Amino acid sequence: MTDLTAAAQALSAAQNVVDSGIARLAEIGIDDNQVLAYDVAHGAAAVQTGQSLLNSYGDKGEIEAKITVAFIAAGMLGLGYGCFLSVDQALATQVLPDPHTRGKDLGI
């Protein structure tokens with residue numbers, strides 16, 4: 001498997017994550033879940049930019065292929081880390097003693 005093939009598979013998996021986020025937003029509503037909508041929009045932008053690079057730039061040469069793979073890898077890292085941090089933040093707020101002072105407690 002070439003690096004570009006692996007990058008295409010990673011983009012496909014990332015698109016599935018974005019699609020799941022969009023479906024969840026459709027269920028729960030966007031107005032009360034704007035942080036999720038913001039994260040999904042950024043993930044979708046990274047996936048589409050990676051797809052554009054893969055389709056039009058990655059096959060122009062060895063250096064271009066490496067740049068394409070690096071960009072896609074960075075996007076996948078951002079998507080995965082963003083998912084982790086949002087769950088981590090949600091869990092952290094649940095263990096704080098007073099729901100009315102969570103913002104202050106998180107700032108400490």
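The structure contained in this document is the topic of the report that follows. Predicted model only: the values in this text are computed from it and were never measured. (Residues numbered from 1 in each chain as written. Predicted model: local features only at pLDDT ≥ 70, side-chain atom pairs only at ≥ 80, totals over all residues. Heavy atoms only, no water.)

### Some thoughts on the side chain of Asp105
Going by this rule: Strands are runs of DSSP state E lasting at least two residues, helices are runs of H or I lasting at least four, and both sets are numbered from the N terminus onward. Buried residues are those whose accessible area, probed at 1.4 Å on protein chains only, stays under 20% of the maximum for their type, while exposed residues exceed 50% and partly exposed ones sit between those limits. Here a polar contact means two N or O atoms within 3.5 Å. Within protein one must be a hydrogen donor candidate and the other an acceptor candidate, and residues neighboring in sequence count only if both atoms are side-chain atoms. Throughout, a residue-residue contact means that at least one pair of heavy atoms, one from each residue, lies within 4.5 Å.
Within the element layout of this structure, Asp105 appears in helix 4 (residues 102-107). Given the relative accessible area of 18%, Asp105 is considered buried. Looking at Asp105, its side chain comes within polar contact range of the side chain of Lys104, at 3.4 Å. Residues within four places of Asp105 in sequence aside, it is in contact with Leu96, Pro97 and Asp98.

### Observations concerning the packing of aromatic side chains
How we decide: Pairing of aromatic rings covers Phe, Tyr and Trp, the last through its six-membered ring, and needs centres within 6.5 Å; plane angles under 30 degrees mean stacked, over 60 mean edge-to-face, and all others mean tilted.
Counted by the stated rule, this structure contains one aromatic pair. Consider the rings of Tyr81 and Phe84, whose centres lie 6.2 Å apart with planes at 20°: the pair is stacked. Here Tyr81 pairs with Phe84, and both are found in helix 3 (residues 62-94), just three residues apart, close to one helical turn.

### Side note on the environment of Asn33
Note on placement: Asn33 falls in the loop between helix 1 (3-28) and helix 2 (34-56). When its relative accessible area of 22% is taken as the criterion, Asn33 is described as partly exposed. Distance in space between the C-alpha atoms of Asn33 and Ala23 is 13 Å, their sequence separation being 10 residues. In this structure, Asn33 is in contact with Leu25 and Ile28, ignoring residues within four places of it in sequence.

### Looking at helix 1
Note the threshold: To estimate the expected span of a helix, count its residues, drop one, and scale the result by 1.5 Å.
An ideal rise of 1.5 Å per residue puts 38 Å on 26 residues; helix 1 measures up with 37 Å between its terminal C-alpha atoms. Residues of helix 1 that are buried: Ala7, Leu11, Ala14, Val18, Gly21 and Leu25. Phi for Gly29, located one or two positions after helix 1, is positive at around 90°.

### Details of the packing of helix 1 against helix 3
As a reminder, the rule being used: Helix axes use the C-alpha atoms of the stretch in contact, all axes being lines fitted to C-alpha atoms, and the angles between their N-to-C directions lie in the range 0 to 180 degrees. Note on terminology: angles under 35 degrees are roughly parallel, angles over 145 are roughly antiparallel, angles of 65 to 115 are roughly perpendicular, and the others are oblique. Crossing handedness is read from the near helix: turned anticlockwise from the far helix by less than a right angle, it gives a left-handed crossing, and turned clockwise, a right-handed one. Under this grouping Gly is polar, as are all residues other than the nonpolar Ala, Val, Leu, Ile, Met, Phe, Trp, Tyr, Cys and Pro and the charged Asp, Glu, Lys and Arg.
Closest axis-to-axis distance for the helix 1/helix 3 pair is 10 Å, and the angle between their directions is 30°. Classified by the angle between their axes, helix 1 and helix 3 sit roughly parallel to one another. The interaxial crossing formed by helix 1 with helix 3 has left-handed handedness. Taking contact as the criterion, the partners of Asp3, Leu4, Ala7, Ala10, Leu11, Ala14 and Val17 in helix 1 are, on helix 3, Ala65, Thr68, Val69, Ile72, Met76, Leu79 and Cys83. Its residues assigned to classes, the contact of helix 1 with helix 3 comprises 12 nonpolar, one polar and one charged.

Any link to function would need more than the numbers given here.
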